[in-house]
Amino acid sequence: MKVRLVEDTSIFSAKEISSPEAAVEVMKEELAKYDREVFCVLNLNTDGSVLNMNVISMGALSSTLIHPREVFKASILSNAAAIIAFHNHPSGNPTPSREDRETTRRLVECGELLGIELVDHIIVGARSQKYYSFCEHDEFEESHGRRRSGAVYER
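Okay, so let's go over this structure. (Residues numbered from 1 in each chain as written. Predicted model: local features only at pLDDT ≥ 70, side-chain atom pairs only at ≥ 80, totals over all residues. Heavy atoms only, no water.)

**Structural notes on the overall build of the protein**
When its secondary structure is counted, the protein shows five helices and five strands. Counting only residues that meet the buried cut, the protein has 45% of its 155 residues in that class. When the accessible surface of the protein is summed, it comes to about 8,600 Å², and 50% of that surface belongs to carbon and sulfur atoms. (Helix = DSSP H or I, 4+ residues; strand = E, 2+ residues; numbered from the N terminus. Buried < 20%, exposed > 50% of the residue type's maximum accessible area, 1.4 Å probe, protein only. Areas by Shrake-Rupley, 256 points an atom, 1.4 Å probe, with all protein chains shown as cover.)

Have a look at this one:
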């Protein structure tokens, strides 16, 4: 087996991710397609450009199971500097559940160990144009004891 780096442009989106709104703009059409919860990740380069998008898990109407191992697998293989996690709520209400908050906390911790920053976790309400950004609501500060502003958003 041989692994080598091949320079290529993103086939998912050429848009730069500079804010939660920009991230939602890139993903809203994809997430609107599903009638069940889907968890996916945008893998980002150091400049905030999208390397690729990976669907991590497709669940039932109101939940999906994810594990950090699957979340970061494609990020490691893509040489991603950062990720933005997304999932949809088919109900249209993007308010995070207790499980959503716990998942975010675990992904922040795992990302720190791996050197791959979790820039944000965004929940998109299906077909409602509403979203919830953990970064915008300072939930990284609550879950990790210090403020994380989403450095890719600041570039």
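**A short note on the side chain of Ser133**
By the element assignment, Ser133 lies in strand 5 (residues 131-133). Excluding anything up to four places from it in sequence, Ser133 contacts Pro20, Asp120, His121 and Ile122. (Contact = heavy atoms within 4.5 Å.)

**Focus on the sheet that holds strand 2 (residues 50-58)**
Across a sheet, strands are paired by hydrogen bonds formed along the backbone, either parallel or antiparallel in direction. The sheet built from five strands is open, its strands ordered 2-1-3-4-5 with mixed pairing. Strand pairing shows two members of the sheet lacking a second neighbour, strand 2 and strand 5, which therefore form its edges. Geometrically, the sheet is characterised by an average inter-axis angle of 20 degrees between neighbouring strands, direction not taken into account. Bridging between strand 1 (residues 38-44) and strand 2 involves seven bridges; their strand directions are antiparallel. Residue pairing for strand 2: Val41 is matched across the bridge by Asn54. In the packing of helix 2 (residues 68-77) onto the sheet, contacts are made with strand 1, strand 2 and strand 3 (82-89), and the angle to strand 1 comes to roughly 30 degrees. Its contacts with the sheet put helix 3 (residues 98-114) on strand 1, strand 3, strand 4 (117-125) and strand 5, and the angle it makes with strand 4 is roughly 160 degrees. (Pairing = 2+ DSSP bridges. Axes fitted to C-alpha atoms, helices over the stretch in contact; angles between N-to-C directions.)

**A few points about the side chain of Ser75**
Locating Ser75 in the fold gives a position in helix 2. Apart from the residues lying within four places of it in its own chain, the contact partners of Ser75 are Val41, Asn43, Ala80, Ile83 and Ile116.

**Side note on the nonpolar core**
The biggest cluster of nonpolar side chains holds 19 residues, and the ones touching the most others in it are Ile17, Leu42, Ile84 and Phe86. If you list the elements that add at least two residues to this core, you get helix 1 (20-32), strand 1, strand 2, strand 3 and strand 4. Broken down by element, this core gets its largest block of residues, five residues, from helix 1. Ile83, Leu107, Ile116 and Leu118 belong to the second largest nonpolar core, which has eleven residues in total. (Core = buried A, V, L, I, M, F, W, Y, C linked by side-chain atoms within 4.5 Å.)

**Some words on the pattern of salt bridges**
One pass over the full model with this rule turns up seven salt bridges. Of the charged contacts, one joins Glu25 and Lys28 as a salt bridge, the two residues approaching to 3.2 Å between their closest N and O atoms. Here Glu25 and its partner Lys28 are both found in helix 1, three residues apart, which amounts to about one turn of the helix. Judged by its relative accessible area of 26%, Lys28 is partly exposed. Arg36 is the salt-bridge partner of Asp35, the closest N and O atoms lying 3.1 Å from each other. Salt bridges sharing partners connect three or more residues here, namely Glu102, Arg105 and Glu109. (Salt bridge = Lys/Arg side-chain N within 4 Å of Asp/Glu carboxyl O.)

**Notes on the pairing of strand 3**
Counting buried positions over the eight residues of strand 3 gives eight, a clear majority of the element. With burial as the criterion, each face of strand 3 is covered, one bearing Ala82, Ile84, Phe86 and Asn88 and the other bearing Ile83, Ala85, His87 and His89. The pairing of strand 1 with strand 3 spans six bridges and is antiparallel. Paired with Asn43 across the two strands is Ile83, which belongs to strand 3. Two elements, strand 3 and strand 4, share eight bridges in a ladder whose sense is parallel. Looking at strand 4, one finds that Ile83 is bridged to Leu118. For the handedness criterion, the β-α-β arrangement of strand 3, helix 3 and strand 4 is classed as right-handed. (Right-handed = clockwise from strand over helix to strand, strands pointing away.)

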